[in-house]
Structures are given as structure tokens and as C-alpha cells.
Amino acid sequence: MKAALLTGIRQFEIREVPSPKIIKETDVLVKIKTVGVCGSDIHYYTTGRIGSRVVQFPFVIGHEAAGIVQNIGNKVTRVKPGQRIAIDPAVSCGHCDQCKAGRENTCRELLFLGCPTQLDGSLAEYIVTDERSCFPIKDDMTFDQAAISEPLAIGVYSVERSILPQNADAAILGIGPIGMSVFHVLRTKIVGNIYVTDKLDRRLEFCKMLNPKFTGNPDKINVVEKIAELEPLMMDVVYECSGDPAAIAQGIQLLKPGGTLVIVGIPEVDEITFPIHELRRKEITIVNIRRQVNCTQKAIDLLASGKINMDSMATHHFSLEEIQSAFELVANYRDGVMKAIINLD
Ligand SMILES: [Zn+2]
Ligand SMILES: [Zn+2]
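Residues numbered from 1 in each chain as written. Chains lettered and ligands numbered in written order. Predicted model: local features only at pLDDT ≥ 70, side-chain atom pairs only at ≥ 80, totals over all residues. Heavy atoms only, no water.

Undergrad: Quick question: what am I supposed to make of the overall build of the protein chain here?
TA: Within the protein chain one finds ten helices and 19 strands. Taking 345 residues into account, the globule formula puts the C-alpha radius of gyration at 20 Å, and the protein chain, at 20 Å, falls close to it. Its C-alpha atoms put the protein chain at 60 × 40 × 40 Å along the principal axes. When the 345 residues of the protein chain are sorted by exposure, 55% land in the buried category. (Helix = DSSP H or I, 4+ residues; strand = E, 2+ residues; numbered from the N terminus. Rg over C-alpha atoms; globule rule 2.2 N^0.38 Å. Buried < 20%, exposed > 50% of the residue type's maximum accessible area, 1.4 Å probe, protein only.)

Here you go:
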């Protein structure tokens, strides 16, 4: 089969590699149709690592995937050959303390598609994964929509985990695909005003379809002052979706006493300092988000019911052969890209 191998920093090669095989009785062989390019893939592409997770080249990345079941192991009951599915990229062990506590996302033996030293990614014609990662989709759901359910699930989980009072005023710092996912989910809840910041004006424009109270670019204006003018009591919840340490600092300033800072974005640095006295005096709750747990089906249902429509998120489409162009586009934030999608035959 063909696979896109990351062979070095900012370097892909399409190579012929052996197809994966069904080994365990719960394995499912999936023909991949669609893969979304994620910010975490871009981290591996531009720097070869996220924190201590370092890529050993060559390696197949990619995890926001959807496809068609090709073959199944003897004990598989969730899916049948020919079935169209969305894929949850996380494969938990099912028996450690974390899994037993319903925290599969922090499983002690967690394996994740396209994560260095764990599992090969989905930027290939076929993958094998556990049946628990396979989520059937309805006939009228597109593979693009199914792939977008992966980042949307993180939005669903982030909102679930935040302490969100009714009519809460909230800010979203960083309105890329994950920030948009959070925003879409907030629009299904009873919330007050939503304030959005990003360093890319085109992204601020893009999110206006969801009717934010305010959008601002922190490179151009003092976003904390501006938001304070409009909402003197400040925010109940701030979703930090940019990974920028400066945004985390702004988020803390934007919160009212008793507010919640939800850290969703992945920083490029290893350590960030916090204003401990401000956190203490305002008694801020910090919630960290590690991907998601139990939210894949919820995300699929939100898309299938039409409660959330994220079709316009898929701004650019590429073939597997065009993978390098897709990653350069996203890495350089060119051409107003929100989500680049790789479509396989
Ligand atoms: Zn992702
Ligand atoms: Zn486990």
C-alpha cells in the first residue's frame, strides 16, 4: 500500500510499504478515505516532536481519520466489512486503574494513531485498529464530516469539563479548528456572550458565523482592556486554544473571581510561569484537557443531527500525493486555511 512517510523535518515521501495485518481477534482493517491535518501533526512536521515525544524518522503521522471497514478479526461485533466509520485515534488498554475509572484518555498504556513510539498514523491507504475505535456513521454523513468529528470531540470534552454556569460569559483564545470546535459546542448551550481572540484576522472573520460578542487581535489591540470595557465583571470561563503562553496570561487576567481557565491548546515550550497570587486571590480553577474521552459518539451525533454544522471548516482538500503542500499550507497559515483535508481514493 501507499503511505505518506515523514522522513525528516518538513519532509514527506510517498512510499510503497507493507499493508498492516489483522493480528488480534478484535482488530479491524480500515481502508482510509479522509484524514484531517491537525495542529499536533504540524508540530511533528515542523519540529519533529511534541514535548518529550520525539519522531524517529521515517514515521507515518495523522489521526483525524475516516474510512471503510475492509476486514475484521474473529471477535469483532461493532462493525462489518463495507461499513463506513469515523475513527477514534486513541486505543486504551481497558484494564488499568485509569481505564477502570473511566479515564481512558490517561490510560497507563495508551496508544494513539500517529503518535511517535505508539502507533503508525492514518496517512496511509490502510490501518489496523481496535474495534472500540471504530464508530459507524450514517450513509448521509460524509467522510470529511466523520474526520472532523475528531477535533469536535475535543470541543465537546472541553466544554463538558469546564465549570460552565448558565448564561456564562466565556472567552476563546485562539480560534483555529479546536477553538471553533469549542465555540460550536458552546452555541448548543445556554451561554451569555462569547469573546474571541486570535492573531490571524481571517480566523476572527471566519468565526463571525457563530456570532461572537467581540473579536480582537492581541497583536493589534489590548484585548484584556477591550473585553473589560464590554464585560466589567469579566469571564466565567476562558478556553485557551492557542498554546501561546501570552494567551494563558491574558486568560487569567480575563477571568472573574471563581472563574475557570480551561487549557486546551498545546504549547511549543516545555514550561510556562503562572501569576500565582492572582490565581490564588481570584481562586481560579485550572482545567487541563488531554484529548478527550467518551465524546466521539457525542460529536458524531451533534453533526448527524445538524445541531452543529462544521462543513465550512474543511477549507482545503488535497490528495495523498499533495501531502507536502497541505502541510506547508497549514504550517504557514496560508490562504485562510482552517482545516486541510487529505482525501484518498
Ligand atoms: Zn488532532
Ligand atoms: Zn488503560
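Undergrad: Mind showing me how you'd approach the coordination of the zinc ion (ligand 2) here?
TA: Six octahedral donors around a metal ideally make angles of 90 or 180 degrees; four tetrahedral donors ideally make 109.5 degrees. Listed as protein donors to the zinc ion (ligand 2) are C93 (SG), C96 (SG), C99 (SG) and C107 (SG); their distances from the metal cover 2.3 to 2.4 Å. Taken together, the four donor atoms coordinating the zinc ion (ligand 2) and their angles of 103 to 116 degrees define a geometry best described as tetrahedral. Each donor residue of the zinc ion (ligand 2) belongs to the same chain, with the gaps between them written as C-x2-C-x2-C-x7-C. In this pair, C96 is assigned in the loop between strand 8 (90-91) and helix 2 (97-100) and C107 in the loop between helix 2 and strand 9 (111-112), connecting sequence segments eleven residues apart. Per residue, the accessibility class of C96 equals that of C107, and both read buried. (Donors = N, O, S within 2.8 Å, 3.2 Å for Na, K, Ca; no water. Tetrahedral: all angles 85-135°; square planar, octahedral: opposite > 155°, others 65-115°.)

Undergrad: What is the right way to read helix 10 (residues 323-331) from this model?
TA: A turn of α-helix holds 3.6 residues, and therefore any two residues three or four places apart point the same way. Most of helix 10 is tucked away: seven of the nine residues are buried. Of the residues making up helix 10, those classed as buried are I323, A326, F327, E328, L329, V330 and A331. Where the residues of helix 10 are buried, they touch strand 1 (2-8), strand 2 (11-16), helix 1 (39-47), strand 18 (314-319) and strand 19 (339-343). Phi turns positive one or two residues past the end of helix 10, at Y333, with a value near 50 degrees. (Contact = heavy atoms within 4.5 Å.)

Undergrad: Can you walk me through the coordination of the zinc ion (ligand 1) in this structure?
TA: In the first shell of the zinc ion (ligand 1), the protein supplies C38 (SG) and H63 (NE2), at 2.1 to 2.3 Å from the metal. Separated by 25 residues along the polypeptide, C38 in the loop between strand 3 (27-36) and helix 1 and H63 in the loop between strand 5 (53-54) and strand 6 (64-72) bring together distant segments of the chain. Assigned by exposure class, C38 and H63 land together as buried.

Undergrad: Honestly, unusual backbone geometry in this entry has me stumped. Any pointers?
TA: Trans is the prevailing form of peptide bonds, just as negative phi is the prevailing case for residues other than glycine. The omega torsion across F57 and P58 is -5 degrees, close enough to zero to call that bond cis. Topologically, P58 is positioned in the loop between strand 5 and strand 6. A positive phi angle is found at E283, which is not glycine, with a value near 50 degrees.

Undergrad: Just checking my understanding: could you explain the packing of helix 6 (residues 223-230) against helix 7 (residues 245-254) for this structure?
TA: How two helices pack is summed up by the angle between their axes together with the distance between the axes. In contact at an axis separation of 10 Å, helix 6 and helix 7 are set at 25 degrees when each is read in the N-to-C sense. Compared by their axis directions, helix 6 and helix 7 come out roughly parallel. Crossing of helix 6 against helix 7: the hand is right-handed. Here helix 6 contributes V223, V224 and I227 to the contact with helix 7, which in turn contributes Q250, Q253 and L254. Here the residues of the contact of helix 6 with helix 7 are counted per class, giving four nonpolar, two polar and no charged. (Axes fitted to C-alpha atoms, helices over the stretch in contact; angles between N-to-C directions. Parallel < 35°, antiparallel > 145°, perpendicular 65-115°, else oblique. Left-handed = near helix turned anticlockwise from the far one by under 90°. Nonpolar A, V, L, I, M, F, W, Y, C, P; charged D, E, K, R; others polar.)

Undergrad: I would appreciate a short explanation of the pairing of strand 2 in the present structure.
TA: Side chains on a regular strand alternate between the two faces of the sheet. Across six bridges, strand 1 lies against strand 2 in antiparallel orientation. Of the residues in strand 2, the one forming a bridge with A4 is I14. Adjacent in sequence and paired antiparallel, strand 1 and strand 2 are bridged by two residues, among which R10 carries a positive phi angle near 55 degrees. (Pairing = 2+ DSSP bridges.)

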